[in-house]
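Examination of the molecular architecture
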Amino acid sequence: MLTPDELQRVRAACLYEPPAYFRTLQKHEIFTPTAERPDAPLEVDVGCGDGSFLLDLAAAHPERDFLGLEKLLGRARKVARQAARRGLTNVKAMQIDSPYAVRHLLPRGGVARIHLLFPDPWPKAKHAKNRLVQPDFCRDVHRLLGRGGEWLFKTDHAEYFDEATAVIRGSGIFREVDWPEGAFAYPLTDFERQWLGEGKTIRRARFAAE
Ligand SMILES: C[S@@+](CC[C@H](N)C(=O)[O-])C[C@H]1O[C@@H](n2cnc3c(N)ncnc32)[C@H](O)[C@@H]1O
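Figured I'd write up the structure that's included with this text.

Analysis parameters
- Residues numbered from 1 in each chain as written.
- Predicted model: local features only at pLDDT ≥ 70, side-chain atom pairs only at ≥ 80, totals over all residues.
- Heavy atoms only, no water.
- Core = buried A, V, L, I, M, F, W, Y, C linked by side-chain atoms within 4.5 Å.
- Buried < 20%, exposed > 50% of the residue type's maximum accessible area, 1.4 Å probe, protein only.
- Helix = DSSP H or I, 4+ residues; strand = E, 2+ residues; numbered from the N terminus.
- Contact = heavy atoms within 4.5 Å.
- Near = heavy atom within 4 Å.
- Polar contact = N/O pair within 3.5 Å; in protein donor to acceptor, adjacent residues only side chain to side chain.
- Areas by Shrake-Rupley, 256 points an atom, 1.4 Å probe, with all protein chains shown as cover.
- 1 Å grid on protein atoms, 1.4 Å probe; cavity = no way out; pocket = protein on both sides within 12 Å on 5 of 7 lines; lining within 4 Å.
- Sits in = over half its atoms within 2 Å of the grid points.
- Points joined across faces, edges and corners; volume = space filled by probe spheres on them.
- Nonpolar A, V, L, I, M, F, W, Y, C, P; charged D, E, K, R; others polar.
- Pairing = 2+ DSSP bridges.
- Axes fitted to C-alpha atoms, helices over the stretch in contact; angles between N-to-C directions.
- Right-handed = clockwise from strand over helix to strand, strands pointing away.

1. A closer look at the nonpolar core
Among the nonpolar cores identified, the biggest contains 35 residues, and Leu67, Leu69, Leu106, Trp151 and Phe174 are the most heavily contacted of them. At the level of secondary structure, the elements contributing two or more residues to this core comprise strand S1 (42-46), strand S2 (65-70), helix H5 (98-105), strand S4 (111-117), helix H6 (135-144), strand S5 (145-155), helix H7 (158-171) and strand S7 (203-209). Setting aside residues up to four positions removed in sequence, leucine 67 forms contacts with Tyr16, Ile30, Phe31, Leu42, Glu43, Val44, Asp45, Leu54, Lys92, Met94 and Leu106.

Put into structure tokens, the structure is as follows:
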């Protein structure tokens, strides 16, 4: 059991603030390598929300590191608080605009998997420019993933699924990979639980960087 001071220290460590915002980070600046885990693969959850997916995945994979990107400070803080409470040292949350982090901050070729789960679909045509999956974003994601690195995508929104997967396929730099039910452990997200509770159909796609 952690003392309140220890809990506070661990929580602060889980809320990641980069040492600089105007240069690309090295992987070791986000998670310090240890003798037991000199080169742990890094996974990134884009728009991690309250983080239950990220925290469950991190708990299941102590050999890997997990970074959540979230624009709302309250949500990023909640992820950090839960990580500290659960004693997880392989998960951090960063409050940031994810397209900025993906383009400018995160280590190129340094990410093993990117999770994009239930991003805001921005269904109105006048808001289309806000949709995250655009050709530029595909190129930015591709730069982060080493060859064979994976991009996993889920949404409840049929039109957005079709549009986003068409953009990813059309980029010509990803290969679609089968993702059969139960292929590997993949925790539910907070929003997914809600949509499943409402009887919505969840669509998913998995791509490997060429
Ligand atoms: C619909 S929620 C999904 C949350 C989580 N992935 C889940 O499935 O439970 C979308 C999340 O993305 C965050 N978000 C939206 N735009 C973002 C951006 N530009 N950068 C970082 N986070 C963003 C929102 O604040 C919200 O927490």
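2. Description of the site of the ligand
In the vicinity of the ligand lie 17 residues, with Glu70, Arg75, Asp97, Leu117 and Thr189 positioned nearest. Within the backbone of lysine 71, a nitrogen or oxygen atom sits 3.0 Å from a nitrogen atom of the ligand. Coverage of the ligand by the protein amounts to 89% of the 590 Å² it exposes when considered alone. More than half of the atoms belonging to the ligand lie within 2 Å of the grid points that define the largest pocket.

3. Here's the deal with the layout of surface pockets
Vacant regions in the atomic arrangement are exposed by a probe of water-molecule size rolled over the atoms. Quantified by volume, the largest pocket comes out at close to 730 Å³. Considering the residues around the largest pocket, the lining is formed by 34 residues, among which Gly47, Glu70, Phe118, Pro119 and Asp120 are closest to the centre. For the lining of the largest pocket, the secondary-structure elements that each account for two or more residues are S1, helix H3 (52-60), S2, H5, S4 and helix H8 (190-197). For the lining of the largest pocket, the element with the most residues is H8, which contributes three residues. When its residues are assigned to classes, the lining of the largest pocket shows 16 nonpolar, nine polar and nine charged. Space inside the second largest pocket adds up to approximately 260 Å³. Forming the walls of the second largest pocket are 16 residues, and the residues nearest its centre are Phe31, Leu88, Thr89, Asn90 and Lys92. Elements with a contribution of two residues or more to the lining of the second largest pocket: helix H1 (4-14) and strand S3 (91-95). Among the residues forming the lining of the second largest pocket, the class breakdown is seven nonpolar, five polar and four charged.

4. Quick word on H6
Taken together, the buried positions of H6 are occupied by Phe137, Cys138, Asp140, Val141, His142 and Leu144. Contact partners of the buried residues in H6: H5, S4, S5, H7, strand S6 (174-177) and S7.

5. Looking at the sheet that holds S3
If you trace the seven strands from one edge of the open sheet to the other, you get S3-S2-S1-S4-S5-S7-S6, paired in mixed fashion. Edge strands, defined here as strands with exactly one partner in the open sheet, are S3 and S6. On average, each strand axis in the sheet is inclined to that of its neighbour by 20°, with strand direction left out of account. With respect to the sheet, helix H4 (residues 73-85) is in contact with S2 and S3, its orientation differing from that of S3 by roughly 165°.

6. Quick notes on the side chain of asparagine 90
Inspection of the secondary structure puts asparagine 90 in the loop between H4 and S3. By relative accessible area, which is 5% here, asparagine 90 ends up buried. One polar contact links the side chain of asparagine 90 to the main-chain carbonyl oxygen of arginine 64, over a distance of 3.0 Å. Ignoring sequence-local partners within four residues, the contact set of asparagine 90 consists of Phe31, Arg37, Ala58, His61, Pro62, Arg64, Asp65 and Phe66.

7. So, the pairing of S3
Most of S3 sits inside the fold, with four of its five residues counted as buried. Here five bridges tie S2 to S3, and the two strands are oriented parallel to one another. Along S3, the bridge assignment pairs phenylalanine 66 with valine 91. Running through H4, the crossover from S2 to the neighbouring parallel element S3 is right-handed.

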